[in-house]
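A look at the structure
The chain contents come next:
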Amino acid sequence: MINVSILGYGTIGSGVFSILNENSDIITKRNGEKICVKSVLDLRAFPGDPVESVLVHDFSEIENDEEVQIVVETMGGLHPAYDFVKACLEKGKSVCTSNKALVAEFGPELLNIAEEKKCNFLFEASVGGGIPIIRPLKTSLAPDEILEISGILNGTTNYILTAMAEQGTDFATALKDAQDKGYAEKDPSADVEGYDTCRKIAILTSLAYGYQVDFEDIYTEGITKITERDINYAKKLEAKIKIFGSSKKVGDKVSAMVAPSLITSEHPLYGVDGVFNAILVKGNMVGDVMFYGQGAGKHATASAVVSDIMEASKHLGINIKTIWNPDKLSLVPFKEHNSKFFVRLSGNSEDNAAKALKAFGNVIPIDAGYDDEYAFITMNMSEKAFDKAAREVGNVINKIRIDA
Ligand code: HSE
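Numbering of residues starts from 1 in every chain and runs along the sequence as written. In view of the model being predicted, local features appear only for residues whose pLDDT reaches at least 70, and side-chain atom pairs are presented and counted only at 80 or more, with totals across whole chains, interfaces and linings using the full set of residues. In computing side-chain properties, one takes all heavy atoms of the structure into account and sets aside hydrogens as well as water.

Elements are defined by DSSP. Helices are runs of H or I of four residues or more, strands are runs of E of two residues or more, and each kind is numbered from the N terminus. For the protein, the count of helices and strands is 14 helices and 19 strands. In this setup the radius of gyration rests on C-alpha atoms only. A globule is expected at 2.2 Å times the number of residues raised to 0.38. Taking 22 Å as the expected radius of gyration for a compact globule of 404 residues, we find that the protein reaches 23 Å, a close match to that expectation. A principal-axis box enclosing the C-alpha atoms of the protein has dimensions of 75 × 45 × 35 Å. Relative accessibility thresholds used throughout: buried, under 20% of the residue-type maximum; exposed, over 50%; partly exposed, between the two (1.4 Å probe, protein chains only). By residue count, 54% of the 404 residues in the protein fall in the buried class. Residues are treated as being in contact if the distance between any of their heavy atoms lies within 4.5 Å. For the protein, contacts bridging at least 24 residues in sequence account for 73% of all contacts bridging at least 6.

Structure representation (structure tokens):
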């Protein structure tokens, strides 16, 4: 029998508890050994809940329980999650977590301790919720050089952008709707400002290339400036606006960014709408591979955690090597990133057409029926060249990169 402890009986922790109970037969059959929840740490009491009989309030009870081989961390946040996870790994207990902030910040250090102590630090649920992506990157795609990762990695923002496009609502209304439906947090900034996506692409890029990518080094732009007009221009172009976390191999460096992008129907992620997430990985041998599913939610995310528990239980005393060097990956400076841009200038169209041509060079105008502004698509240009041209014209209302 394998004994598991769960740190944190919130949405994901209680999901893990319920899957291990509800799917116990199938899990035991596939795992070869029964997995039991020996204890659950939470400061709260849960009268009447099945967890009551295994509830503990003191972490040391789990840390010092030699019968517990695997610990699940579903507390979220950095502290005390980091301290608890580190203590468990140092005792040789494998840890499975859904905590992307913890993984993005302390991944290499915790993996290193796990290697030393011959246990495992696993984090399938930290990116893409229930979508298998971490293990495929580490195993199925291991023979390949990864050329590109593009992901719709945040369900809240994808829901908001889909609602704006399909229902014609503005950002504030779509956000309120997402909050009412329980998709968006009361403080939605981590999602709508792109920080959540940023941590997820930092983790995927670190794993793909084996070196640390600090999320602070990734240029990150959220969706708060996207308006109904931007959406209407996108429709005119038969395109959609999606927020991507992406990274791409450029020579011996990697470019990484989080930003809204315009994509047309030829793009493989065009059909990914609502709360769904998808990740496109391009390998130099396998070509394009796509992963699609629920990027959040109690059972989807908990299912990924349970898959890690099963993996850890099959590798007791054996470390599964994960290459994530603490040295920094060499990133392409943001100003050197290249793309086409969709641009809107305020004011009279005739003046703007001449100004745009002078500052941006050849552009393709787009008419969505607004006579108080002028919109166009640039040729391929660097961020640096774009900024220079935007300063020259002086009246850019908004710009969105185009992902071809
Ligand atoms: N807030 C995240 C999302 C949850 O909306 O995708 C999963 O990390």
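From this point on, the discussion continues.
As a further point, take the layout of surface pockets. To find the voids left in a structure, one rolls a probe of water-molecule size over its atoms. Site definitions follow a grid-based scheme: protein atoms alone, a 1 Å grid, a 1.4 Å probe that fits but cannot get out for cavities, and for pockets an open set with protein on both sides within 12 Å along at least five of seven lines, plus lining residues having an atom within 4 Å of a point. Grid points are joined across faces, edges and corners, and a volume is the space filled by probe spheres set on the points. Computed from the structure, the largest pocket encloses a volume of approximately 1,000 Å³. Taken together, 38 residues form the lining of the largest pocket, with Ile 12, Lys 100, Glu 185, Asp 196 and Ala 296 sitting closest to its centre. Contributions of two or more residues to the lining of the largest pocket are made by helix H1 (11-22), helix H5 (100-116), helix H7 (155-167), helix H9 (189-192) and helix H10 (195-209). A total of 4 residues in the lining of the largest pocket trace back to one element, the largest contributor, which is H10. For this scheme, ten residues count as nonpolar: Ala, Val, Leu, Ile, Met, Phe, Trp, Tyr, Cys and Pro. Four count as charged, namely Asp, Glu, Lys and Arg, and the remainder, Gly too, count as polar. Here the residues of the lining of the largest pocket are counted per class, giving 11 nonpolar, 20 polar and 7 charged. Taken together, domain 1 (2-129 + 299-328) and domain 2 (138-294) each give at least three residues to the lining of the largest pocket, which thus spans both. The volume enclosed by the second largest pocket comes to roughly 530 Å³. Lys 248, Met 257, Asn 338, Ser 339 and Asp 403 are, among the 25 residues lining the second largest pocket, the residues nearest its centre. The dominant element in the lining of the second largest pocket, judged by the number of residues it contributes, is strand E11 (residues 253-264), at 6 residues. Counted by class, the lining of the second largest pocket contains 9 nonpolar, 9 polar and 7 charged residues. When residues of the lining of the second largest pocket are assigned to domains, at least three fall in each of domain 2 (138-294) and domain 3 (334-402). Start and end points for every domain follow an automatic or database-based domain assignment.

Here we take up the site of the ligand. When we say a residue is near a molecule or strand, we mean one of its heavy atoms is within 4 Å of it. Taken together, Lys 100, Asn 154, Gly 155, Thr 156, Asp 191, Asp 196, Lys 200, Gly 295 and Ala 296 form the complete shell of residues around the ligand. In the model, an oxygen atom of the ligand is placed 3.5 Å from a nitrogen or oxygen of the Asn 154 side chain. Identification of polar contacts relies on pairs of N or O atoms within 3.5 Å, with a donor-acceptor requirement for protein atoms, meaning one able to donate a hydrogen and the other able to accept it, and with residues adjacent in sequence counted only if both atoms are side-chain atoms. At a separation of 2.8 Å, an oxygen atom of the ligand approaches a polar backbone atom of Gly 155. For a molecule to be placed in a cavity or pocket, more than half of its atoms must lie within 2 Å of the grid points of that cavity or pocket. A majority-of-atoms criterion places the ligand in the largest pocket. If you list the elements that add at least two residues to the shell around the ligand, you get H7 and H10.

Moving on to helix H13 (residues 349-360). Residues three or four positions apart in an α-helix share a direction because the helix packs 3.6 residues into each turn. Multiplying 1.5 Å by the residue count of a helix minus one yields the expected span of that helix. Its 12 residues place the ends of H13 15 Å apart at the C-alpha level, agreeing with the 16 Å of an ideal helix rising 1.5 Å per residue. Among the residues of H13, those classed as buried are Asn 352, Ala 356, Ala 359 and Phe 360. All buried residues of H13 fall inside an arc of 80° around its axis, so they share one side. Among the exposed residues of H13, those pointing more than 90 degrees away from its buried face are Glu 350 and Lys 358. To be clear, the arc concerns the directions from the helix axis to the C-beta atoms.

Shape is all these values report; function is a separate question.
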